[in-house]
Amino acid sequence: MTQDIYFAKALRAWRHAFHRQPETGFEEVGTSQTVAKILESLGLDVHRGIGGTGVVASLRAGDGKGVIGIRADMDALPIAENAPGREHASQVSGKMHACGHDGHMSMVLGAAKLLAESRDFNGTVRFIFQPAEEHGRGARAMIADGLLERFPIDAIYGVHNMPGIPSGHIATRAGGIMASEDNFVIRIRGKGTHAARPHMGVDPLVIGAQIVVALQTVVSRSVDPGMSAVVSCTEFITDGIRNAIPTNVVIKGDTRSYTPQVQRLLESRMREICTGMCAMHGAHCEFEYTHEFAPTVNHAENTALAVRAASAVVGAAMVDADVAPVMASEDFGVFLQHVPGNFAFIGNGCGDEPGATPLHNAGYDFNDAILPVGARYFAQIVRESLPR
């Protein structure tokens, strides 16, 4: 019992230190140095600077040939923390760990500590600390830097804390669990004119408004009702003033889906609507569509193993093996396009529990009570994957 208390305190101390000094994507210099030093203190073989600020540490036990990857993300968000009285609040203006990556790092470090001390597995574990998850660029950067060639793995596992799920519960599913994210920019060039003489110009505001409404029909009328998709216009920008109709309008937003087929459909229908609407009104249209996040699609065999590991740690009653997928995105999906694996949610709290504040909220905080749960879950995945 005393050992468990000291373990929980160590994880909490790591987490609070990360939380006080948040760093955003590809700027995680201090964070990665702290991670590397902790891993070196545990006796692991540590490599820095993978994909920018990424860290990979390897731990070997026995003579087994299997290699398992355990991944944590490191970056914070450009959000000003609003948590009066929080002792471990961010000390960096305008930045905070509003998504819980401070907790993810601490859980994976905790798993490294458990396994380094027990050595109760047969094979190799690679602890992968990834930069720039929020940008959707960090996983690709590590892979482009030779991650999978320099540090090959047979499978990879990760988690994300989830407010709204009871504290310490673990939820996952085979197949798609988190969606892709594609971004779009629509540039409409009309002809600006005096607000009192609209007939002298081509009003891009009216065209843009029609486009925003028309885009809502893409999902409802072009996508198979059995498939999931979201189209959201999130910004509407003009160069006009109160008494002048603008020349230019820019509409920005994103789409979410689970399959390449739906991604292609969304892009083609949106392009057709935008160019057609502008042509109808005599305006010029530029349509830009970029792929930001791959969908996170779990492999069935690895999901079954993750469910067994979760049940061994928290009990079957606290495991959901078929959680509903969410339309948010996660950079972990890129890893799953290259190697099999599983991504799971670990409950951060719901209702009146401490961890129930939503992700990306200025008052959010990772629930320290689940740190040992996550660490033991990852350690159990290694034991299940690499039995002694």
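Residues numbered from 1 in each chain as written. Predicted model: local features only at pLDDT ≥ 70, side-chain atom pairs only at ≥ 80, totals over all residues. Heavy atoms only, no water.

A. Broad picture of the sheet that holds strand 5 (residues 155-163). Taken in spatial order, the eight strands of this open sheet run 1-2-4-3-5-16-6-15, and their pairing is mixed. Of all the strands in the sheet, just strand 1 (45-50) and strand 15 (319-320) have a single pairing partner and so form its edges. Pairing between strand 3 (residues 67-73) and strand 5: three bridges, direction parallel. Bridging across to strand 5, I70 finds its partner in Y157. Strand contacts of helix 10 (residues 371-385): strand 3, strand 4 (123-130), strand 5, strand 6 (170-171) and strand 16 (341-349), with the helix running at about 155° to strand 5, the strand carrying the most contacts. (Pairing = 2+ DSSP bridges. Helix = DSSP H or I, 4+ residues; strand = E, 2+ residues; numbered from the N terminus. Contact = heavy atoms within 4.5 Å. Axes fitted to C-alpha atoms, helices over the stretch in contact; angles between N-to-C directions.)

B. Fine view of helix 6 (residues 204-222). Over its 19 residues, helix 6 extends 25 Å from the first C-alpha to the last, a length consistent with the 27 Å expected when each residue adds 1.5 Å. For helix 6, the set of buried residues is P204, I207, G208, I211, A214, L215 and V218. The residue sitting at the N-terminus of helix 6 and contributing the capping side-chain oxygen is D203; that oxygen lies 2.8 Å from the backbone nitrogen of L205. (Expected span 1.5 Å × (residues − 1). Buried < 20%, exposed > 50% of the residue type's maximum accessible area, 1.4 Å probe, protein only. Polar contact = N/O pair within 3.5 Å; in protein donor to acceptor, adjacent residues only side chain to side chain.)

C. Representation of the pairing of strand 12 (residues 248-257) in the model. For strand 12, the tally of buried residues reaches seven of ten residues, placing the bulk of the element in the interior. Of the strand pairs in this sheet, strand 10 (residues 229-238) and strand 12 are connected by nine bridges, and their pairing is antiparallel. Directly across from S232, in strand 12, lies its bridge partner D254.

D. View of the pattern of salt bridges. Within this structure, the stated rule accounts for 20 salt bridges. The shortest N-O distance in the salt bridge between R71 and E330 comes to 2.6 Å. Residue R71 is located in strand 3, and its partner E330 is located in the loop between strand 15 and helix 9 (332-336); the two are separated by 259 residues in the primary sequence. Residue classification places R71 among the buried residues on the basis of a relative accessible area of 2%. Judged by its relative accessible area of 1%, E330 falls in the buried class. Connected through salt bridges with shared partners, the residues R15, E81, R86, D102, D365 and D368 form a single ionic network. (Salt bridge = Lys/Arg side-chain N within 4 Å of Asp/Glu carboxyl O.)

E. Spatial organisation of the UniProt feature "binding site: Mn(2+)" (unreviewed entry) in the chain. Under the local residue numbering, the UniProt record ascribes the feature "binding site: Mn(2+)" (unreviewed entry) to C99, H101, E134, H160 and H360. Taking the farthest pair of C-alpha atoms as the criterion, the annotated set spanning 262 residues converges on one region, since that pair is 13.1 Å apart. Cross-referencing the annotated residues with the lining of the largest pocket gives C99, E134, H160 and H360. Looking at where H101 falls in the secondary structure, it is placed in helix 3 (residues 101-118). Excluding its chain neighbours within four sequence positions, the residues that come into contact with H101 are D73, M74, D75, E133, E134 and H160. Within the element layout of this structure, H160 appears in strand 5. Ignoring anything within four residues of it in the chain, the contact list for H160 reads C99, H101, H104, E330, F343, A344, F345, I346 and L359. (UniProt positions renumbered as here; feature names shortened; annotations may be inferred. 1 Å grid on protein atoms, 1.4 Å probe; cavity = no way out; pocket = protein on both sides within 12 Å on 5 of 7 lines; lining within 4 Å.)

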